[in-house]
Amino acid sequence: MISTKVTPANAKVDHIVNLKGTSNFIAWRDNMQNILKDCGVYGHIEGSENRTAKYPVFPKPNKPAVDVFDNIIAVYCKWWSDDNSIKILITWKVSALVKSNLNIGQDITARIVWNQILTRYACVNINAKFAIKEKLASMKLKDYTKIEKYLGEFRMGKEQLKDMGVNYPKSDIIHHIIYSLPFTDAWPNFKQLMIQLYQDTLDRNKMAKDEGRTPFAPNTALERITSCLTIECQCLEAESTGKRHPPGSEYSNFLNDNRPIAKYANNPNGVRCTNCKNWSHDKDHCWAKGGGMEGQGPAYHVAVAAKRTEMASVAMESTSLDSSEISCVLMEEINDSAPNTPLTTTTSLLSTSILLDLGATLYIIKSRALFHTYSEADTQNITTANLRTLRTQGGGTCIINVMYSIKENQSI
């Protein structure tokens, strides 16, 4: 008997997965038995009739008479208190559906509850075993970038079959992994290499057994094959022309201009329009200004193009802005002969322009001539959008005169 009361807290059952049915009964039963043995109360559900055994049974005591000694009544009450704690512990790690099918009344002992669970779920569902084996046998590696998920399915299936008490031999796992690989490109050659690797392992084990030496462990061949398969998939991914960039990379949404262009009636050669940079037609079939079919498109598209041109023209006109509305400045040129000449703003970006965000605290300037004060001692590391680090050659201040609308120049 135990001296402390068994509860789900002090029994440490958080790692046990709830009993859901026959699929995980074996694992649940083994974990629960180990917990009860560790707590010294295994005799309440099972045990040996031999009182000197390692785990003897704790039989249900008879109800004592009223006039018996107090110590006998205390032992009787202690047994029922411990048994009720064990019953709570067992039913704590079962699903709501399983618990609803159990009779756990006040007069029901933990042994009765345990036997109810054994009667319902100890018989492994044959259909569940067949379903897992069929799933593993029909798996296919469709994308070499998903190799970890592919191998993980076999590991999970092996554990599920183990929980059901079904042996899944290493030879079957190797067979399913190899023959589930693709039949295209260089995969048939890779299959032959893996089959030869497995055959060599079997031959060496047989030779070692005949010579009285210790053979390789059964899982050695499986580990070598899965390792070679993982390396092969990693090499294919590294050599792939269409590399995938993970989230957070500055190239995650980058569109590769080298991708093939579909051929249409307006783009018979499958080239990009050199006039408007569109993909759906070439320059000879372009409706935009400068194209071979300028102004010949449907009336709707012509009207939309005209509207966009009109809006662009209006946007280029000078407007009166308040100082609080300025968010950026585009530097196009600096006139050394006239230092007070304001920098102009425009909507067209030139290759030599510098765009300044007035909400930023630091700026990266490529030209040394733009600095008012400069020192190579003020170097620092700057983190970019893709979490890389840039090392500057120096630092300092720049004075820029900006004129907007008809107001006076202001320095920033």
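In this convention, every chain numbers its residues from 1, walking through the sequence in written order. Owing to the predicted nature of the model, reporting of local features is limited to residues with pLDDT of at least 70; listing and counting of side-chain atom pairs is limited to 80 or more, with chain, interface and lining totals taken over all residues. To get the side-chain values, take all heavy atoms of the structure and skip hydrogens and water.

Asker: What should I look at first to understand the overall build of the chain in this one?
Answerer: For helices the rule is a DSSP run of H or I covering at least 4 residues; for strands it is a run of E covering at least 2, with both sets numbered from the N terminus onward. Broken down by element type, the chain carries ten helices and eight strands. The buried share among the 412 residues of the chain stands at 28%. Note on areas: Shrake-Rupley with a 1.4 Å probe; residue coverage comes only from the protein chains shown. For the chain, the accessible surface area stands at approximately 28200 Å², while carbon and sulfur atoms represent 54% of it. Burial here depends on accessible area, computed with a 1.4 Å probe over protein chains only, as a share of the maximum for the residue type. Under 20% is buried, over 50% is exposed, and the range in between is partly exposed.

Asker: How do you make sense of unusual backbone geometry when you look at a structure like this?
Answerer: Among all residues except glycine, the phi angle is most often negative; among peptide bonds, the trans geometry is most common. For aspartate 185, which is not glycine, the phi torsion reads 55 degrees and is therefore positive. Its place among the elements puts aspartate 185 in the loop between helix H7 (170–179) and helix H8 (187–210).

Asker: How do you make sense of the pattern of salt bridges when you look at a structure like this?
Answerer: When their charged atoms lie close together, side chains carrying opposite charge are able to pair. By salt bridge we mean one thing: a side-chain nitrogen of Lys or Arg within 4 Å of a carboxyl oxygen of Asp or Glu. The final tally for this structure, using the stated rule, is five salt bridges. We note a salt bridge from aspartate 30 to arginine 29, for which the minimum N-O separation is 3.2 Å. Among the residues examined, aspartate 30 registers a relative accessible area of 30% and is labelled partly exposed. When its relative accessible area of 25% is taken as the criterion, arginine 29 is described as partly exposed.

Asker: Would you explain helix H5 (residues 126–137) in this entry?
Answerer: Residues separated by three or four positions in an α-helix point in the same direction, a consequence of the helix having 3.6 residues per turn. Given a helix with a known number of residues, its expected span is that number minus one, times 1.5 Å. For H5, which comprises twelve residues, the first-to-last C-alpha distance of 17 Å matches the rise-based estimate of 16 Å (1.5 Å per residue) to within 8%. Taken as a whole, H5 has its buried residues at Ala128, Lys129, Ile132 and Leu136. Looking straight down H5, one finds that the buried residues subtend no more than 100 degrees of arc, so they occupy a single side. Those residues of H5 that are exposed and angled more than 90 degrees off the buried face are Asn127, Phe130 and Glu134. It is the directions from the helix axis to the C-beta atoms that the arc portrays.

Asker: Hey, could you run me through helix H1 (residues 25–39) in this one?
Answerer: Between its first and last C-alpha, H1 extends 21 Å over 15 residues, near the 21 Å set by a 1.5 Å rise per residue. The first or second residue beyond H1 is glycine 40, which carries a positive phi of 80 degrees.

Asker: Sorry if this is basic, but what is going on with the packing of H1 against helix H2 (residues 70–92) here?
Answerer: A packed helix pair is summarised by two numbers, namely the angle formed by the two axes and the spacing between the axes. To define axes, lines are fitted to C-alpha atoms, for helices over the stretch in contact only, and angles between the resulting N-to-C directions are given on a 0 to 180 degree scale. Contact geometry for H1 and H2: axes closest at 11 Å, N-to-C directions at 150 degrees. When the axis of H1 is compared with that of H2, the two are roughly antiparallel. As for the relative orientation of H1 and H2, their crossing is right-handed in sense. For the pair formed by H1 and H2, the contact residues are Trp28, Met32, Ile35 and Leu36 on the first element and Ile86, Leu89 and Ile90 on the second. Note on angle classes: values under 35 degrees are labelled roughly parallel, values over 145 roughly antiparallel, values of 65 to 115 roughly perpendicular, and the remainder oblique. Crossing handedness is read from the near helix: turned anticlockwise from the far helix by less than a right angle, it gives a left-handed crossing, and turned clockwise, a right-handed one. Contacts are assigned to residue pairs that have any heavy atoms within 4.5 Å of one another.

Asker: Could you clarify how one ought to interpret the nonpolar core in this entry?
Answerer: Inside soluble globular proteins, nonpolar side chains tend to come together where they are buried. Residues enter a nonpolar core if they are buried and are Ala, Val, Leu, Ile, Met, Phe, Trp, Tyr or Cys, with the set joined through side-chain atoms within 4.5 Å. Tyr150, Ile177 and Leu229 are the most contacted members of the largest nonpolar core, which totals 27 residues. Leave out the neighbours within four places in its chain, and leucine 229 touches Ile147, Tyr150, Leu151, Ile177, Leu181, Trp187 and Phe190. Within the second largest apolar cluster, 25 residues are counted, among which are Trp28, Ile35, Ala110 and Tyr121.

Asker: Got a minute to help me understand the environment of glycine 43 in this structure?
Answerer: Structurally, glycine 43 is set in the loop between H1 and H2. When the C-alpha atoms of glycine 43 and tyrosine 55 are compared, they prove to be 6.2 Å apart, with twelve residues separating the residues in sequence. Excluding anything up to four places from it in sequence, glycine 43 contacts Pro56, Val57, Phe58 and Arg111.

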